[in-house]
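Architecture and fold: a report
Chain residues, written in single-letter form:
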Amino acid sequence: MTQIDDTTSAESATTDAAWRDAARPLDERVEALVGAMTLDEKLAQLYGVWVGASDDGHADVAPHQHDLNDDVDLDAVLPAGLGQVTRPFGTAPVDAAVGALSLVRMQERIVGANRFGIPAIAHDECLAGFAAWGATAYPVPLSWGATFDPALVERMARRIGEDMRSVGVHQGLAPVLDVVRDARWGRVEETIGEDPYLVATVGTAYVRGLESSGIVSTLKHFVGYSASKAGRNLAPVSIGQRELADVLLPPFEMAVREGGARSVMNSYSDLDGVPSAADRWLLTELLRDTWGFDGTVVADYFAVAFLKLLHGVADTWADAAGAALEAGIDVELPTVKAFGEPLRAAVSSGAIDVALVDTALRRVLRQKGELGLLDADWSPIPPALHGVDLADAAAVRGTIDLDSSANRDLARELAERAIVLVRNDGMLPLAVGEGAPSVIAVIGPNADDPYAMLGCYSFPTHVVTQHPGVEMGIRIPTLLDAIRAEFPGSDIRHALGTTVDGGETDGIAAAAALAASADVVVLALGDRAGLFGRGTSGEGCDAESLDLPGAQQQLVDAVLDTGTPAVLALLAGRPYALGRATTEAAGILQAFFAGEEGAPAIAGVLSGRVNPSGRLPVSIPSTPGSQPTTYLAAPLARANDVSNVDPTAAFAFGHGLGYTSFDWESFEGDEDTIATDGAASVRLRIRNTGSRAGTEVVQLYLHDPVASVVRPVQRLIGFVPVSLQPGAAADVWFTVPADLASFTSRTGERIVEPGDLVLSIGRSAGDLAHAHTVRLTGPKRVVDHRRRLHPVIDVEPSPVAAPTTG
């Protein structure tokens, strides 16, 4: 047991300023600090403080918050220092400039109170934009997945990070890299989709964007959270090593290897009885020792305390702290509990080795050094307040715009790219001007509600709803507003019909009568985002089945019974079974909480101003009760003769329509045989045969007909959006390294086996247009985390002219 020495003198610590010298190696500076700190000062760097989060009874954001948020006496805490400030902007509705000034004052207080003058890292949520009052609300991550466009998501993340950095924030708690395993889980809206390669590539792009702005990106939730039993929040996770290694871990692996993420947040769940917050194999042996991650691991809010309170694997708060440190958690968030006095007493008594504290401390101080927080010339004044008279708080108010026109333009672009045209019987697009419908009935609970565009971690939903009377802080048109603006020559009429989940049926007859009198109906349906049962989608808002919430299906059926063409516009956080509408609706649009510009984007798709190119990141089920299911299904998990339950999706992963047509003219594979360390190439020629420009998302799937363990029938291994003008063509090449066929073997090794592989090019997982079989020869190969993760993709304009007519 390492002995502690808590007698370091203030004089020696303050006179030795080696750690302030930015010209010295960072490790040397960190060691100088570690050697100079007392135990209390060390521990202070390993927790955050959430000040003001529970100032009134309406500000609760999570169960157990009051159980665990002991009143913090800052005057008592700050002399030892402080590791993090929790959500300075994301806790209450505060003007951005006033919030930035408040953070300056808080940092000045922190620096002035501790003898080393070390500031805190300020972290905030940024799942669908910077979670601050007045900041841009971008589409939720499920919409990022629907774009199938990592470059666009990277641009968005960079802009989010620039806004956060401009007001003094250092760390963002995003992205969520959980892979959907059960669509009943409430946090599906926070995920990128049900395929690990899509989640990995889009999520890694987000990480690159956020990190490029100077913000520390935090990967969450590591790992298994989305695989909980019955889709219930925090429920146990019982999965095999292959599902863990081949489905759930790859997004985190790619984000660490290629994204440069500097922080990871543990999952609340347990994996086969071991809580992630106390799993040394996961947080240290795999993440650090194997993958080489050298950043900080931060606890999901209250996760350290949950080891005692919920999981029952710790008897005392000190036991919880020791288990978390031993596993590899460096920082307790959102506030101090186990890492405070309980840990101090345990270390002082020798029950917990101070070396565990020092290991976490080095990581925290190194990250602060990378952020410039240890430099002698560090200033608490963020870029947005440079040149502002900070002495006049009233003059500061309103000087920072976190929802600029450039932000809104990007939010609009992302929303337009994310909307999926799921079904179209030819009714869409609707004419504008001459030939426009005389009467458009806009019916449904999400027609005239701006919150219908927002997920649970948007600031208005997450925070403003807990402050009655406070404005949203940003302008969000409703779908009804947007349709009126999009179709100025049409008579737009509105009826509620029913609420999202209230089950009311009294208004359905009137809504059906309105539908019968119209030329076309837009049915605005879906979810209301919320937290812990306050909504139908979001954290703690799990679903028993995938029926539309409340009486919405009854409303759909009543409108369809009128015979008026109906277009469903689904504003939701998860996919739902749509009953008769799957085959009877004139059109179906899926918008996964499309953000502040979502309504104009949907209206633009209705009118044809926007040619939709979104693709489903999650399958839309045929029936509400066939969960959990996913397109990543082995043969016996698909429709078969040994079960009467058919889990086949109504609309498959990757599906999406547009307003132009594409001819997949030719397909060929260059190799019939390759070595198990070789690569195979396939080529597709695609032509836009329609009358307008459009984007086709070309998807590459892998099928392993015979393997030593059961494999999914199809698995996405590459994709590329191809945008073409009318008549234009392009050649798309995929060069596929054999590494992409690797999987976890019976012995737990990742291997590439000899045998046949089928490479298929498809418009979705359910629409595979071409296939090429290649045989892998040679010995079985063992590969590891250094394997290749992507195909090489080339898109070149085709030199072949378009066919002529006449």
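Placed above this text is the structure.
These lines cover the structure that appears in this document, whether it is placed above or below. Since we're looking at a predicted model, the values are computed, not measured. Once a new chain begins, its residue numbering starts again from 1 and follows that chain's sequence as written. Local features in this predicted model are restricted to residues of pLDDT 70 or higher, and side-chain atom pairs are both shown and tallied only at a pLDDT of 80 or more, whereas totals for entire chains, interfaces and linings draw on every residue. For side-chain calculations, the full set of non-hydrogen atoms in the structure is used, while hydrogens and water are omitted.

**Quick notes on the overall build of the chain**
A count of helices and strands for the chain gives 24 helices and 29 strands. In terms of overall size, the chain behaves like a compact globule, its C-alpha atoms giving a radius of gyration of 27 Å where 806 residues would be expected to give roughly 28 Å. A principal-axis box enclosing the C-alpha atoms of the chain has dimensions of 90 × 70 × 50 Å. Relative to its full complement of 806 residues, the chain shows a buried share of 62%. Only DSSP runs of H or I with at least four residues qualify as helices, and only runs of E with at least two residues qualify as strands; both kinds are numbered from the N terminus onward. Just to be clear, the radius of gyration here is over C-alpha atoms, and the globule rule we use is 2.2 Å times residues to the power 0.38. Under the scheme applied here, a residue whose accessible area is under 20% of the maximum for its type counts as buried, over 50% as exposed, and between as partly exposed, the area being computed with a 1.4 Å probe on protein chains only.

**Notes on helix α14 (residues 317-327)**
Along α14, the residues classified as buried are A318, A320, A321, G322, A324, L325 and A327. In what follows, residue pairs with any heavy atoms lying within 4.5 Å of each other are defined as contacts. Buried residues belonging to α14 abut α12 (280-290), α13 (303-309), α15 (341-349) and α16 (354-370). Positive phi shows up at G328, right after α14, with a value of about 130 degrees.

**Observations concerning the environment of F487**
Examined against the element boundaries, F487 turns out to sit in the loop between α20 (479-486) and β12 (491-495). When its relative accessible area of 2% is taken as the criterion, F487 is described as buried. Each residue touching F487, except ones within four places of it in the same chain, is listed here: L430, A431, V432, I440, I492, A603, L606 and S607.

**With respect to the packing of aromatic side chains**
Aromatic rings from Phe, Tyr and Trp, with only the six-membered ring used for Trp, were paired whenever their centres fell within 6.5 Å, and each pair was classed as stacked if the ring planes differed by under 30 degrees, edge-to-face if by over 60, and tilted otherwise. Within this structure, the stated rule accounts for 15 aromatic pairs. Look at W185 and Y225: their rings are 5.1 Å apart centre to centre, the planes differ by 75 degrees, and that puts the pair in the edge-to-face class. In this pair, W185 sits in the loop between β4 (171-173) and α9 (196-212) while Y225 sits in the loop between β5 (216-222) and α10 (241-248), placing the two residues 40 residues apart along the sequence. Per residue, the accessibility class of W185 equals that of Y225, and both read buried. Here the aromatic rings of Y225 and Y268 are separated by 6.0 Å at their centres, their planes lie at 80 degrees, and the arrangement is edge-to-face. Taken together, the residues span a long stretch of sequence, with Y225 in the loop between β5 and α10 and Y268 in the loop between β6 (263-266) and β7 (270-271) at a distance of 43 residues. Side by side, Y225 and Y268 carry an identical accessibility label, which is buried. Ring-pair connections join several aromatic residues into one group, and the members of that group are F148, Y197, Y631, F653, Y701 and F719.

**So, the packing of α9 against helix α11 (residues 250-259)**
Throughout, an axis means a line fitted to C-alpha atoms (over the contacting stretch in the case of helices), and angles, computed between N-to-C directions, take values from 0 to 180 degrees. Two numbers describe how α9 lies on α11: the axes approach to 8 Å, and their chain directions differ by 35 degrees. Seen along the crossing, α9 lies across α11 with a hand that is right-handed. Contacts between α9 and α11 involve P196, Y197, V199, A200, T201, T204, V207, R208 and E211 on the former and, on the latter, P250, P251, M254, A255, E258 and G259. Classification used: nonpolar for Ala, Val, Leu, Ile, Met, Phe, Trp, Tyr, Cys and Pro, charged for Asp, Glu, Lys and Arg, polar for all others including Gly. Along the lines of polarity and charge, the residues of the contact of α9 with α11 split into nine nonpolar, three polar and three charged. If you view the pair so one helix is near and one far, a crossing is left-handed when the near helix is turned anticlockwise from the far one by less than a right angle, and right-handed when it is turned clockwise.

**Things to note about the sheet that holds strand β11 (residues 439-443)**
On the basis of which strands lie adjacent, the open sheet formed by six strands has the order β10-β15-β14-β13-β11-β12 and mixed pairing. The two strands at the open ends of the sheet, each matched to only one other strand, are β10 (420-424) and β12. The mean inter-strand angle of the sheet, taken between neighbouring strand axes irrespective of direction, is 20 degrees. With four bridges joining them, β10 and strand β15 (residues 587-592) adopt antiparallel strand pairing. Looking at the pairing, N424 lines up with G587 of β15. Only strands joined by at least two bridges in the DSSP assignment are considered to pair.

**Some words on the nonpolar core**
Nonpolar core, defined: a set of buried Ala, Val, Leu, Ile, Met, Phe, Trp, Tyr and Cys residues in which side-chain atoms within 4.5 Å join the residues together. Membership of the largest hydrophobic core comes to 155 residues, with the highest contact counts inside it found for F130, Y206, F222 and F339. Not counting residues up to four positions away in its chain, the partners in contact with Y206 are C126, W144, V153, M156, A157, I160, A174 and P175. Listed in part, the 39 residues of the second largest apolar core include A447, A482, V520 and A603.

**Looking at the pattern of salt bridges**
By definition here, a salt bridge exists when the distance from a side-chain nitrogen of Lys or Arg to a carboxyl oxygen of Asp or Glu is within 4 Å. In the structure shown here, the tally under the stated rule is 49 salt bridges. Across the pair D375 and R29 runs a salt bridge whose closest N-O atoms are separated by 2.9 Å. Remark: R29 occurs in helix α2 (residues 26-36) and D375 occurs in the loop between α16 and α17 (393-396); sequence separation between them is 346 residues. By the burial criterion, D375 is buried, and R29 matches it. Across the pair R280 and E326 runs a salt bridge whose closest N-O atoms are separated by 3.8 Å.

**A look at helix α22 (residues 552-561)**
Judged by how many residues are buried, α22 sits mostly within the fold: seven of 10 residues are covered. Buried residues of α22: Q552, Q553, L555, V556, A558, V559 and L560, and no others. On its buried side, α22 packs onto β11, α21 (508-516), β13 (520-526), β14 (566-572) and α23 (581-584). Of the residues flanking the end of α22, it is G563, one or two places downstream, whose phi is positive at about 85 degrees.

**Things to note about the sheet that holds strand β1 (residues 48-49)**
Taken together, the seven strands give an open sheet; going across it, the order is β1-β2-β3-β4-β5-β6-β9, and neighbouring strands pair in parallel fashion. In this open sheet, the two edge strands, each paired with only one partner strand, are β1 and β9 (296-298). Across three bridges, the pairing between β6 and β9 is parallel. What sits directly across from S263, in β9, is T296.

**Concerning unusual backbone geometry**
A cis geometry characterises the amide bond from A174 onward to P175, with omega recorded as 10 degrees. Relative to the helices and strands, P175 is located in the loop between β4 and α9. Despite not being glycine, F302 shows a phi value in the positive range, around 70 degrees. If you trace the backbone, F302 turns up in the loop between β9 and α13. For F302, a relative accessible area of 6% corresponds to the buried category. For F532, which is not glycine, the phi dihedral falls at a positive 50 degrees. Its location among the elements puts F532 in the loop between β13 and α22.

**Focus: the side chain of E597**
With respect to the element layout, E597 can be found in the loop between β15 and α24 (598-607). Ignoring anything within four residues of it in the chain, the contact list for E597 reads R408, A411, R412, A415 and R475.

**Focus: the pairing of β11**
Summarising burial for β11: five of the five residues are buried, a large majority. Of the two faces of β11, the one holding V439, A441 and I443 and the one holding I440 and V442 are both buried throughout. Alignment of β11 against β12, held across five bridges, turns out to be parallel. Bridged to I443 within β12 is A495.

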